[in-house]
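So you can see what is in the structure, the chains are spelled out below.
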Amino acid sequence: MPPDRQPAVCRIFSRENERRVEQEKVEQVPRTEEALDPPSQRVVLLRRIAGPLLSVGMLCLALWALHLLARDVTYHEIRQYVESVSRTRLLMAIALTTLGFGVMSFYDRFGLEAIGKSLPWRRVTLISFISYAFSNAVGMSLLVSGSIRYRFYLQNGLTTTEIAKLVLYCTLSFWLGLLALTGVTLLVVPLPAGLPMSDWRLTLAIALTAIPLAWVLGGFIRKPIRLWRWRVLLPRPLPALRQVLVGALDWWLAAAVMYVLMPDRLDTGFGHFLAIFVIAQIAGLISHVPGGLGVFEAVMLAGFGATGNQALAAPILGSLAAFRIVYYLLPLCAATVLVLQREARGLRRQSLWSPWFTGLLPSFFAGLTLVSGAVLLFSGATRALPDRMAILRSVLPLSVLEVSHLLASVIGMLLLILARGLQRRLDAAYWLTLVLLVAGAVFSLLKGIDYEEATLLALLALALGPAHKLFYRRASLFNASFSVGWIVAIVAVFGCATWLVMFSYKHVEYSSSLWWEFSFHEGGAPRALRALVGAAVAGLLFALASLIKPQRLRRTPPSEAELQRALPLIRGFHSAQAHLALMGDKHLLFDADGKAFLMYDTEGRSWVSMGDPVGEDEDARRELVWSFREQCERAGGWPVFYQVSPADLDMYLEVGMSLLKIGEEARVRLADFNLDGKSRKTLRGTVNKLGRDGLRLEIVPANEVAPLLPRLKEISDAWLGDKHAREKRFSLGAFDPRYLVRTPMALVWQGERIVAFANLFLTETREEASLDLMRFVPDGPSGIMDYLFVELMQWAKAEGYRWFNLGMAPLAGLTSRRQAPLWNRFGALVFGRGERFYNFRGLQRYKDKFDPEWEPRYMAVPGGIALPMILANVASLISGGLTGVVRR
């Protein structure tokens, strides 16, 4: 579709995505894990799941250590301490938290200054607050805050490279400040004798202090320092010192927040507390457990010598709970409100960044749904407040209470599962989530008057309600693929809920009769056990249903019936390229209603779709992109979309794919095409001369092509032999009688002899005409292909077609400037120096003499380090094997 006819949103995405592709730095490392032998595949699988499993293992160890350290503490004692914290202390903690997040904004402000960029102070503060509020609460700060910064700063004109530098600056400041504060504190303040590291405190302090000190002093060296494979130029001493001080102040304020929440009887001085706090934070960060959950608490208990001491452990755990509410939960809620408010304003204004931000919302709602599910599970695992239970006893039957408690936990597990469906934009997941959020809010009130969590669920339902248009996919939730990380997250939440049940009711002796006890006051433990089992059963039933109903991509060649089913979609599509499906060498994947299809083939682990999905129904085409990606993931393959147009780039970005420019397609606007003027003198002379020599063009309908095939086969074989070439495939047609009889044929006659032919791609809408297989006799007159192209364009113009597609010039339009992405520079190098393998530059020059309009074409690929193998697979697929890659 030409740019002037694209909808406004498409134009926005075309401009933004083209800029993104041109500026995005693609630096990939070759990967050799694709070996077909099973041991190598097992290594690949282990590498993929090692990170998530390590995090779960660390979480389990931390919870077990926390259980041992607080074995004499009850849940009631922790809640009692949290409720006893004075309003003055809470206000002080909130004020210090606010000041701390204000200091965090200096990370971004100084980072922007370091890369030579300037943005309004309020905007930088808002982006910093939202990114840190989410990363602090969720964990994985580099990934979470980096993703949020990428979204927001891209909307504010920064390139991908500049955002990467900014994220690196903030991360370095974060760690340098923590190391500096920890090292200096350990130098000044002695550790308690009970801590394992107290004996080598000074050694640790010197080592930690040396790192930020070296960073600052290294600024006096104005030559790049070589670190392994990189050359690093350190900042000047003053900016480096400022960087360290901001990080140290950020951590000092975080410690101060918890310090004001600690009980007075544990006040041994802020220095002693600070030493334990920063060590606990480092342990939590190194563990890679989200938010350092469990690890941070265990180190704090050990640091204050609360092992087995109920009088110390209960108030410490209570202050830790209050700290997480003030420093993690409250900023997260505030950031959520800001994000929703910003999105509502963007939808009203329809600003340039609104499509980008709207693309973030499904993942945002998925995260909040995951948190809501966890809240319901944790609530079902803990004791209800006695005074609220007394109220329920007087107004509610016991059976209603028991059923509400069980269903609230089951809903919690279902929300964890549905969160994945929301991330995948499933319509069914949207409606189920909306219903379950409302039901969960009701059950929360009925099981213990838990109005806090009921309010959270109701607010999320209100925010989710108007966002239905974001969840347009009609696919089944059972077909959604769950990544290892997502499964680990669900298991981790359920594991924490199990630990909470054990911790909250450790004083209750287990017996089989507990499962059948029903009571208002003494039934807390039985209710928690039943709710936990109910949630587990819900999760297992969903997993079983998903396993029973697998759906795999069909990998058989299309039947004649399927080709006939695709034919109306092909002819009605705006791009003539869709006719490549008639070749029959690519598998066809239709949507559920048969309104669209895509053609694909496989090479190695790459599942490559040729072009955009074919069809006029936009929703069906989008659904095919999602379905193709999900089913490739199920099969362990890499989804790839080859030669896609700028108008549809948002479909691929929406599913998280990266874009590489692979060339430009030449399209001639037929209304403006003629042979007049000085610039067409050569073409005009060639056509006139060959016309005088007796050449003429004939267009043969598809139903009359079959009798001509023997004569055309002789021409094709002679052409291949003369060019020392062989048939290509996938993105080009080959001489296959079954294929050629499905399309009209253009013949060039000289007397009674056929000297050239080409099969035609013609759309019924008259939007575009093109050709595919072009062959001519080696001894034919010079300029015969020019004659064929000119005569075909004049014929198509007379028939009312708008465009004539000359096909793509591979690697055309890629720049080799120093600041260009690595892929662009590599492509430009091959384009200029790869004539041995393919006539890149000559092909572009030949098409350019027809004065076409050049439009970029892209390849959508998954993120990761598999790009070199994907490129090799695609090249092999097009060339008919690896040997074809290095042959013309």
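Residues numbered from 1 in each chain as written. Predicted model: local features only at pLDDT ≥ 70, side-chain atom pairs only at ≥ 80, totals over all residues. Heavy atoms only, no water.

**So, the overall build of the protein chain**
The cut-off we apply is this: Strands are runs of DSSP state E lasting at least two residues, helices are runs of H or I lasting at least four, and both sets are numbered from the N terminus onward. Contacts are residue-level and defined by heavy atoms, with any inter-residue pair within 4.5 Å sufficient. Note that accessible areas follow from Shrake-Rupley with a 1.4 Å probe, and for residues the cover is restricted to the protein chains shown.
From N to C terminus, the protein chain includes 30 helices and 13 strands. Here the contacts in the protein chain between residues at least 6 apart in sequence split such that 74% fall between residues at least 24 apart. If you sum the accessible surface of the protein chain, you get close to 39,700 Å²; carbon and sulfur atoms cover 63% of it.

**Considerations on the environment of leucine 709**
The criterion, for reference: Think of it in three bands: residues with accessible area under 20% of the maximum for their type are buried, residues over 50% are exposed, and the middle band is partly exposed, with areas taken using a 1.4 Å probe on protein chains only.
Mapped onto the secondary structure, leucine 709 falls in helix α24 (residues 709-723). Of the residues examined, leucine 709 reaches a relative accessible area of 10% and is grouped as buried. The spacing of leucine 709 and proline 737 is 28 residues in sequence and 7.0 Å in space, taken between C-alpha atoms. For leucine 709, the contacting residues outside a window of four places in its chain are Phe735, Pro737, Leu740 and Val741.

**Some words on the sheet that holds strand β12 (residues 803-810)**
Backbone-to-backbone hydrogen bonds join strands into a sheet, with any given pair of strands oriented parallel or antiparallel. The test is simple: Here, any two strands with at least 2 DSSP bridges between them count as paired. Fitted lines through C-alpha atoms serve as axes, helices being fitted only where they are in contact, and the angles separating the N-to-C directions of these axes extend from 0 to 180 degrees.
As summarised here, the arrangement of the 11 strands in space is β3-β4-β5-β6-β13-β7-β12-β11-β10-β9-β8, forming an open sheet in which the pairing is mixed. In the strand order of this sheet, the two ends are held by β3 (587-590) and β8 (695-700), each with one partner. Taking each pair of neighbouring strands and ignoring which way they run, the sheet shows an average axis angle of 30°. Pairing of strand β6 (residues 638-644) with strand β13 (residues 853-861), which is carried by 3 bridges, proceeds in the antiparallel orientation. The partner of phenylalanine 641 across the bridge, within β13, is alanine 860. Contacts from α24 reach β9 (745-750), β10 (753-762) and β11 (768-776), with the element oriented near 75° to β11. Most of the contacts of helix α26 (residues 784-798) go to β8, to which it runs at about 50°, and overall it touches β7 (658-669), β8, β9, β10, β11 and β12.

**Observations concerning the packing of aromatic side chains**
Worth spelling out the cut-off: Aromatic pairing here means that ring centres of Phe, Tyr or Trp (its six-membered ring) are within 6.5 Å. Orientation follows from the plane angle: under 30 degrees is stacked, over 60 is edge-to-face, and everything else is tilted. Whether a charge sits over a ring comes down to the Lys NZ or Arg CZ being within 6 Å of the ring centre and within 35 degrees of the ring normal.
A full pass over the atoms with the stated rule returns 33 aromatic pairs. Through pairs of rings, three or more aromatic residues link up here, namely Phe101, Phe129, Trp252, Tyr259, Phe270, Phe273, Phe277, Phe296, Phe323, Tyr327 and Tyr328. Above the face of the tyrosine 328 ring, arginine 324 is positioned so that its terminal group lies 5.1 Å from the ring centre. A cation over an aromatic ring shows up here: arginine 667 above the ring of tryptophan 803, its NZ or CZ 4.4 Å from the ring centre.

**Some points on the pattern of salt bridges**
Basically, it comes down to this: Salt-bridge detection follows one rule: a side-chain nitrogen of Lys or Arg within 4 Å of a carboxyl oxygen of Asp or Glu.
Using the criterion set out here, one finds 36 salt bridges in the structure. Across the pair lysine 117 and glutamate 162 runs a salt bridge whose closest N-O atoms are separated by 3.5 Å. One end of the pair, lysine 117, is in the loop between α4 (87-114) and α5 (121-138); the other, glutamate 162, is in helix α7 (residues 160-188), and 45 residues separate them in sequence. According to the relative accessible area criterion, lysine 117 is partly exposed, its value standing at 31%.

**Focus on helix α18 (residues 484-504)**
For clarity, the cut-off: Here the expected length of a helix is defined as 1.5 Å per residue gap, with one fewer gap than residues.
Its 21 residues give α18 an end-to-end C-alpha distance of 30 Å, which sits within 8% of 30 Å, the value for a rise of 1.5 Å per residue. Among the residues of α18, Trp486, Val488, Ile490, Ala492, Val493, Cys496, Ala497, Trp499, Leu500, Val501, Phe503 and Ser504 are the ones counted as buried.

**Section: the nonpolar core**
Keep this limit in mind: Take the buried Ala, Val, Leu, Ile, Met, Phe, Trp, Tyr and Cys residues and link them wherever side-chain atoms come within 4.5 Å; each set so joined is a nonpolar core.
If you look at the biggest cluster of nonpolar residues, it comprises 125 residues, and the most contacted ones within it are Tyr153, Met258, Phe277, Met300 and Phe323. Ranked by residues supplied to this core, first place goes to helix α12 (residues 310-349) with 13 residues. Excluding residues within four positions of it along the chain, phenylalanine 323 makes contact with Ala254, Val257, Met258, Leu261, Phe277, Gln281, Phe296 and Tyr328. Within the second largest apolar cluster, 86 residues are counted, among which are Met610, Leu720, Phe776 and Val874.

**Focus: helix α15 (residues 398-423)**
Since the α-helix packs 3.6 residues into each turn, any two residues three or four apart lie on the same face. The following threshold applies: A residue's bend is simply the angle between two axes: one fitted to the seven residues ending at it, one to the seven starting at it.
When the terminal C-alpha atoms of α15 are compared, their 38 Å separation across 26 residues agrees well with the 38 Å that a helix rising 1.5 Å per residue should span. The largest bend along α15 reaches roughly 30° and is located at isoleucine 417. Immediately downstream of α15, the backbone of arginine 425 shows phi near 65°, a positive value.

**So, the pairing of β11**
To keep it simple, the criterion reads: The path from the first strand over the helix to the second decides the hand: if it runs clockwise while the strands point away from the viewer, the crossover is right-handed.
Most of β11 is tucked away: 8 of the 9 residues are buried. By the bridge criterion, 6 bridges tie β10 to β11 in an arrangement that is antiparallel. Pairing of phenylalanine 757 across the sheet is with arginine 775, part of β11. Where β10 folds back on β11, the antiparallel hairpin that results is connected by 5 residues, among which arginine 766 adopts a positive phi of roughly 65°. Bridge count for β11 against β12 is 3 bridges, and the pairing is parallel. Across the sheet, glutamate 768 pairs through a bridge with tryptophan 803, a residue of β12. On the question of chirality, the crossover connecting β11 to the parallel β12 by way of α26 is right-handed.

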